[in-house]
Amino acid sequence: MKKSKKWMTIDVSLNIRQLIDTNTNEFVTVFSLFSTVGTIDSEEVENFQKLAAEWWNPCGPLKPLHSMNKLRIPLVRDGLINEGCIASVHVRTSTPLKGMSVLDVGCGGGILSEPLARLGAVVTGLDATSNALDVARKHAKDNNLAINYMCSSVEEFSQNNIGKFDAVVASEVVEHVTEKASFIAACSKCLKPSGSIFITTLNDTFLAHFLGVWMAENMLSLVPRGTHQSEKFVKPHQLQRILEDNGLRTKLMHGMIYNFVTNNWSWSSNRSINYAMHAVKNADL
């Protein structure tokens, strides 16, 4: 019988922890998603470690993220165009985001970072999992894309990057964050005045818990089991209030529907499972 791994946590610094597998005495270094987290779920650590080889497999366990780009890319592109952030000379070109600085928080293996870079954006990808960033760097290099990937929490990163970005993207990240107020505050800190933040996440409803966790993970295996913890899901009005508390005014909110048979995402007025938000930072902040 295979032994389940047990971990002992040793604090090394504010944002770095070393986990020791008590069966093998193996050390694994994990960067905490944010400094306020006091514990690390060993099952969650193991799940993310296993994903390294799957990030760029469009038919693998992360295929919903690949297909979600059909919505996420237009969300960012059109949102910035509608805000008048993009020079008219670039709007109808193949690189409408040329020169725009974009921070992709929780970038993983770069599934969203790369298409944003292809549209001309100057992309910084931020993630807490070093092995995912190794995959991201290699894939970007193989495709001749200049993307700056960094292993850090957004709270730590924001301290030295105040007001540097035209846009921050946090797609499928908020539902993994415990201290959402601290997370959004750090994202806002990175934005320039009048900069935009784009978020996609899961609603805190019975339907989202049932379909997004129980069905998607346990029954259909659309995503790896243990990917989501439903107690971390957030209702749209709660997230909107956190955004407002950090000087971010909501511009639009859409529901998102996933068809697992066709692996296709579509916009919807129904926000009961997945939803997307675009908010803009006050010009005087």
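Throughout what follows, the structure given in this document is the object of discussion. (Residues numbered from 1 in each chain as written. Predicted model: local features only at pLDDT ≥ 70, side-chain atom pairs only at ≥ 80, totals over all residues. Heavy atoms only, no water.)

On to the overall build of the protein, then. Along the backbone of the protein there are nine helices and 11 strands. Split into buried and exposed, the 285 residues of the protein put 51% on the buried side. Considering only contacts in the protein between residues 6 or more positions apart, those separated by 24 or more positions represent 63%. (Helix = DSSP H or I, 4+ residues; strand = E, 2+ residues; numbered from the N terminus. Buried < 20%, exposed > 50% of the residue type's maximum accessible area, 1.4 Å probe, protein only. Contact = heavy atoms within 4.5 Å.)

A separate point is unusual backbone geometry. A positive phi angle, close to 55°, is found at Asn144, a residue other than glycine. Its place among the elements puts Asn144 in the loop between helix 5 (130-142) and strand 6 (148-151). Backbone geometry at Asn263 places phi at a positive 55°, although glycine is not the residue there. Here Asn263 shows up in the loop between strand 9 (248-259) and strand 10 (264-268).

A few words on helix 5. Across its 13 residues, helix 5 extends 18 Å between first and last C-alpha, which sits within 8% of the 18 Å expected from 1.5 Å per residue. Every buried residue of helix 5 is listed here: Asn131, Ala132, Leu133, Ala136 and Ala140. Positive phi appears at Asn144, one or two residues downstream of helix 5, with a value of about 55°. (Expected span 1.5 Å × (residues − 1).)

Another aspect to go through is the pairing of strand 5 (residues 122-127). For strand 5, the buried fraction is high: five of the six residues fall into the buried class. Where strand 4 (residues 101-105) lies against strand 5, five bridges are found, and the strand directions are parallel. Across the sheet, the residue bridging to Asp104 is Gly125, located in strand 5. Crossover strand 4 to strand 5 through helix 4 (residues 113-118) is right-handed. Once the chain exits strand 5 it traverses helix 5 before rejoining the sheet at strand 6, and the crossover so formed is right-handed. (Pairing = 2+ DSSP bridges. Right-handed = clockwise from strand over helix to strand, strands pointing away.)

Spatial strand order, 6-5-4-7-8-11-9-10: eight strands in an open sheet with mixed pairing. Taken across any chain shown, the strands that pair with only one partner, and hence form the sheet edges, are strand 6 and strand 10. Averaged over all pairs of adjacent strands, the angle between strand axes in this sheet comes to 20°, irrespective of strand direction. Pairing of strand 7 (residues 165-171) with strand 8 (residues 191-202), which is carried by six bridges, proceeds in the parallel orientation. The residue bridging Ser171 from the neighbouring strand is Thr200, located in strand 8. Seen against the sheet, helix 2 (residues 63-82) touches strand 7, strand 8, strand 9, strand 10 and strand 11 (274-281) and runs at an angle of roughly 40° to strand 10. Contacting strand 5 and strand 6, helix 5 runs over the sheet at an angle of about 170° to strand 6. (Axes fitted to C-alpha atoms, helices over the stretch in contact; angles between N-to-C directions.)

As a further point, take the packing of aromatic side chains. Per the stated rule, a full pass over the model turns up three aromatic pairs. Pairing Phe157 with Phe165 gives two aromatic rings, centres 6.0 Å apart and planes at 40°, and the pair type is tilted. Residue Phe157 is classed as buried on the basis of its relative accessible area, which comes to 6%. (Phe/Tyr/Trp six-rings, centres within 6.5 Å; stacked < 30°, edge-to-face > 60°.)

On to the environment of Trp55. Residue placement: Trp55 occurs in the loop between helix 1 (42-50) and helix 2. Judged by relative accessible area, which is 11%, Trp55 ranks as buried. Sequence separation of Trp55 and His139 is 84 residues, and the distance between their C-alpha atoms is 9.9 Å. When sequence neighbours within four positions are dropped, the list of residues in contact with Trp55 reads Leu62, Leu65, His66, Gly108, Gly109, Ile111, Ala132 and Val135.

Turning to the pattern of salt bridges, a few remarks are in order. Per the counting criterion, the structure on display carries seven salt bridges. Notably, a salt bridge pairs Lys251 with Glu83, separated by 3.5 Å at the nearest N-O pair. Placement of the pair is Lys251 in strand 9 and Glu83 in the loop between helix 2 and helix 3 (88-91), with a sequence separation of 168 residues. Among the residues examined, Lys251 registers a relative accessible area of 37% and is labelled partly exposed. In this structure, Asp134 engages Arg137 in a salt bridge whose closest nitrogen and oxygen atoms are separated by 3.6 Å. Within this pair, Asp134 and its partner Arg137 are both found in helix 5, separated by three residues, close to a single helical turn. (Salt bridge = Lys/Arg side-chain N within 4 Å of Asp/Glu carboxyl O.)

Side chains of Phe206, Leu207, Phe210 and Leu211 sit close together on the surface and give an oily, nonpolar patch of about 370 Å² of accessible area. Residue placement: Phe206 occurs in helix 8 (residues 206-219). Assessed through its relative accessible area of 66%, Phe206 is described here as exposed. (Patch = residues over 30% accessible without salt bridge, like charges linked within 9 Å, V, L, I, M, F, W, Y side chains within 5 Å. Areas by Shrake-Rupley, 256 points an atom, 1.4 Å probe, with all protein chains shown as cover.)

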